[in-house]
Number of protein chains: 2
Amino acid sequence: MMDDDQRRRKELISALVADVPDFPREGVVFKDITPLLGSPAGFQAAITELVTSAPRDIDMVVGMEARGFIFAAPVALALGAGFVPVRKPGKLPGETISESFELEYGFETLTMHRNALRQGARVLVVDDVLATGGTIGATAALLRQMGAELVHVSVLMELTFLGGRERLAEAGIDSLTSVLTV
Amino acid sequence: MMDDDQRRRKELISALVADVPDFPREGVVFKDITPLLGSPAGFQAAITELVTSAPRDIDMVVGMEARGFIFAAPVALALGAGFVPVRKPGKLPGETISESFELEYGFETLTMHRNALRQGARVLVVDDVLATGGTIGATAALLRQMGAELVHVSVLMELTFLGGRERLAEAGIDSLTSVLTV
């Protein structure tokens, strides 16, 4: 059930995400979150909504470089959880594990410190956008490598026409909420 | 004056930053903040210290890709300010301004949306590490291009032996606090 406060927050967030046609290339409509971030009320509303959708007793919040950090770090603080960054190769100084996934043009690799999560840790993954699910899928595979439990995925925006939710469900990830669906 | 709570926070933060020798290359001691981020109490202490050092009436907090986002975004929320990301080229969809600075090996370019800050906006810059001052200096130059006022710079760690503070002072940036000095 959505109460009036929640409806107002979602309307505010929605109004502050801008469509930018043909970025980063022709035919793609980019969702620009910088107007949302630049609005104190809008940014706070986004974090409140992400926190509201999170299950209780989360040990660690995992966020992905770079835009994911902007939402995942505040959610970790609000939940009293730790924060674990997932990064591009070559950025983390300790021993890492990695997962690659296919993009439209080539491959992307994500890495995480091998000791970042204890076995059985209850993890919430937070990201800005769920598109095809490649990033979140690879992150889930990193968590599996470590024996951590992916309890829930919370995203600001879900681009439903790209079928990310279905692809993640096929990979066994079916606990997912999005603040906005597009 | 440092009270007991503040002393305890600084000790906790200090204990959770790990030295990693020879990363990203031989002879460099890398400061690894991932143990700090992974500790709920440690991460919260870091944000509390950064917020405590911030002047009042900040309109916007500016943070730099990617690690800077982890600290700058929560500080923006805590201050009730907006958040503006400074990014590598090709990441921001709108019209941008840019500044380049020299690294040990080549150049780095930072960009910001041209309309991200209004003329006269009171800005706090937050970053994880002050090393040579290249990133913060380029960010300050972006703010000048926009006519925004750089009120203060807050960093988690200052590597004093690299002389970043002196270099920034020569560029007219003399309001700077660091939680830890190394």
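Here the residue index of a chain counts from 1 through its sequence in written order. The lettering of chains begins at A and the numbering of ligands begins at 1, in the order of writing. Residues qualify for local features only when their pLDDT is at least 70, as the model is predicted, and side-chain atom pairs are given and counted only at 80 or more; totals for whole chains, interfaces and linings, by contrast, use all residues. The side-chain values count all of the structure's non-hydrogen atoms but skip hydrogen atoms and water molecules.

### Quick word on the overall build of chain A
Per the convention used, a helix needs a DSSP run of H or I reaching at least four residues, while a strand needs a run of E reaching at least two, with both numbered from the N terminus. Helix and strand counts for chain A stand at six helices and nine strands. What you see for chain A is a C-alpha radius of gyration of 16 Å, in line with the 16 Å of a compact globule of 182 residues. Dimensions of chain A, computed from the C-alpha atoms along their principal axes, are close to 45 × 40 × 30 Å. Throughout, exposure labels follow a simple rule: accessible area from a 1.4 Å probe, protein chains only, divided by the maximum for the residue type, with under 20% read as buried, over 50% as exposed, and the rest as partly exposed. When burial is assessed residue by residue, chain A has 53% of its 182 residues classed as buried. Accessible area for chain A stands at about 8,100 Å²; split by element, carbon and sulfur atoms hold 49% of it. Computation of the radius of gyration draws on C-alpha atoms, with the globule rule given as 2.2 Å multiplied by the number of residues to the power 0.38. Areas reported here follow the Shrake-Rupley algorithm with a probe of radius 1.4 Å; residue values treat only the protein chains shown as occluding.

### Structural notes on the pattern of salt bridges
Salt bridge, as used here: a side-chain nitrogen of Lys or Arg that lies within 4 Å of a carboxyl oxygen of Asp or Glu. For the structure on display, the rule yields 20 salt bridges over all chains. Ionic pairing is found between Arg165 of chain B and Glu158 of chain B, a salt bridge with its closest N-O pair at 2.9 Å. Judged by its relative accessible area of 31%, Arg165 of chain B falls in the partly exposed class. Since its relative accessible area comes to 5%, Glu158 of chain B is described here as buried. Overlapping salt bridges bring together Arg9, Lys10 and Glu49 of chain A as one network.

### Some details on the nonpolar core
Take the buried Ala, Val, Leu, Ile, Met, Phe, Trp, Tyr and Cys residues and link them wherever side-chain atoms come within 4.5 Å; each set so joined is a nonpolar core. Ranked by internal contacts, the top residues of the largest apolar core, which has 70 residues, are Phe71 of chain A together with Phe71 of chain B. Contacts are assigned to residue pairs with any non-hydrogen atoms lying within 4.5 Å of each other. In contact with Phe71 of chain B, not counting residues within four places along its chain, are Ile33, Leu36, Leu37, Phe43, Ala46, Ile47, Leu50, Val126, Asp128 and Leu156 of chain B.

### Comments concerning the interface of chain A and chain B
Contacts between chain A and chain B engage 31 residues on the former and 31 residues on the latter. For chain A, the biggest contributors to the area lost against chain B are Leu77, Phe83 and Pro93 of chain A; these three give 22% of the whole. For the pair chain A and chain B, the number of links is zero salt bridges. Counting of polar contacts relies on pairs of N or O atoms within 3.5 Å, with two restrictions inside protein: one atom must be capable of donating a hydrogen and the other of accepting it, and residues adjacent in sequence are counted only when both atoms are side-chain atoms. Taken together, the links from chain A to chain B amount to four residue pairs in polar contact (both at pLDDT 80 or more). Counting residues per element, the ones that place at least two in the side of chain A that touches chain B are strand 2 (29-32), helix 2 (34-38), helix 3 (40-52), helix 4 (67-79) and strand 4 (82-86) of chain A. For this classification, Asp, Glu, Lys and Arg are treated as charged, while Ala, Val, Leu, Ile, Met, Phe, Trp, Tyr, Cys and Pro are nonpolar and the rest, including Gly, are polar. Residue composition of the side of chain A that touches chain B, by class: 19 nonpolar, seven polar and five charged. By convention, the term buried area covers the 1.4 Å-probe accessible surface removed from two parts as they join, with the contributions of both added.

### What to know about the packing of aromatic side chains
Paired rings are identified among Phe, Tyr and Trp, the last through its six-membered ring, by centres lying within 6.5 Å, and are further divided according to the angle between planes into stacked (under 30 degrees), edge-to-face (over 60) and tilted (the rest). In total, this model carries eight aromatic pairs over all chains according to the counting rule given. Ring-pair connections join several aromatic residues into one group, and the members of that group are Phe43 and Phe71 of chain A together with Phe69 and Phe83 of chain B.

### Re unusual backbone geometry
With an omega dihedral of 0°, the bond running from Phe23 of chain B to Pro24 of chain B counts as a cis peptide bond. Checked against the element boundaries, Pro24 of chain B lands in the loop between strand 1 (18-21) and strand 2 (29-32). Residue Ala66 of chain B is bonded to the preceding Glu65 of chain B through a cis peptide linkage, with omega at -10°. Mapping Ala66 of chain B onto the fold places it in the loop between strand 3 (60-64) and helix 4 (67-79). The residue Asp22 of chain A is not glycine, and still its phi comes out positive at about 60°. For Asp22 of chain A, a relative accessible area of 45% gives the class partly exposed.

### Some words on the relation of the copies chain A and chain B
Here the copies were fitted onto each other by least squares, based on C-alpha atoms from residues at pLDDT of at least 70 in both. Of the transformation placing chain A onto chain B, the axial shift is 0.0 Å and the rotation is 180°, giving an RMSD of 0.0 Å. Here the transformation between the copies is reduced to the relation of a two-fold axis.

### Some thoughts on the side chain of Thr139 of chain B
Within the secondary structure layout, Thr139 of chain B lies in helix 5 (residues 134-146). With residues up to four places along the chain from it excluded, the contact list for Thr139 of chain B reads Val62, Met64, Val86, Leu110 and Val125 of chain B.

### Things to note about the sheet that holds strand 3 (residues 60-64) of chain A
All names here are of chain A. Here, strands pair whenever DSSP counts at least two bridges between them. Taken together, the five strands give an open sheet; going across it, the order is 4-3-7-8-9, and neighbouring strands pair in parallel fashion. The open sheet is flanked by strand 4 and strand 9 (176-181), the only strands paired with a single partner. Averaged over all pairs of adjacent strands, the angle between their axes in this sheet comes to 20°, without regard to strand direction. Sheet analysis places strand 3 next to strand 7 (residues 122-130), joined by four bridges and oriented parallel. Residue pairing in the sheet places Met60 in a bridge with Val123 of strand 7. The axes used here are C-alpha line fits, helices contributing only the stretch in contact, and every angle between their N-to-C directions lies in the interval 0 to 180 degrees. Of the strands in this sheet, strand 7, strand 8 (149-158) and strand 9 are in contact with helix 3, which crosses strand 8 at around 145°.

### Some thoughts on the packing of helix 3 of chain A against helix 4 of chain A
Residue and element names in this part refer to chain A. It is the contact of helix 3 with helix 4, at a shortest axis distance of 10 Å, that shows an interaxial angle of 60°. Considered as vectors, helix 3 and helix 4 are oriented oblique to each other. In the crossing of helix 3 with helix 4, the sense of the turn from one axis to the other is right-handed. Within the contact between the two elements, helix 3 uses Phe43, Ala46, Ile47, Leu50 and Val51 and helix 4 uses Ile70, Phe71, Pro74, Val75, Ala78 and Leu79. Residues that form the contact of helix 3 with helix 4 fall into these classes: eleven nonpolar, no polar and no charged. The labels follow the angle: roughly parallel below 35 degrees, roughly antiparallel above 145, roughly perpendicular from 65 to 115, and oblique for the rest. Crossings are classed by handedness, with left-handed meaning an anticlockwise turn of the near helix from the far one by less than a right angle and right-handed meaning a clockwise turn.

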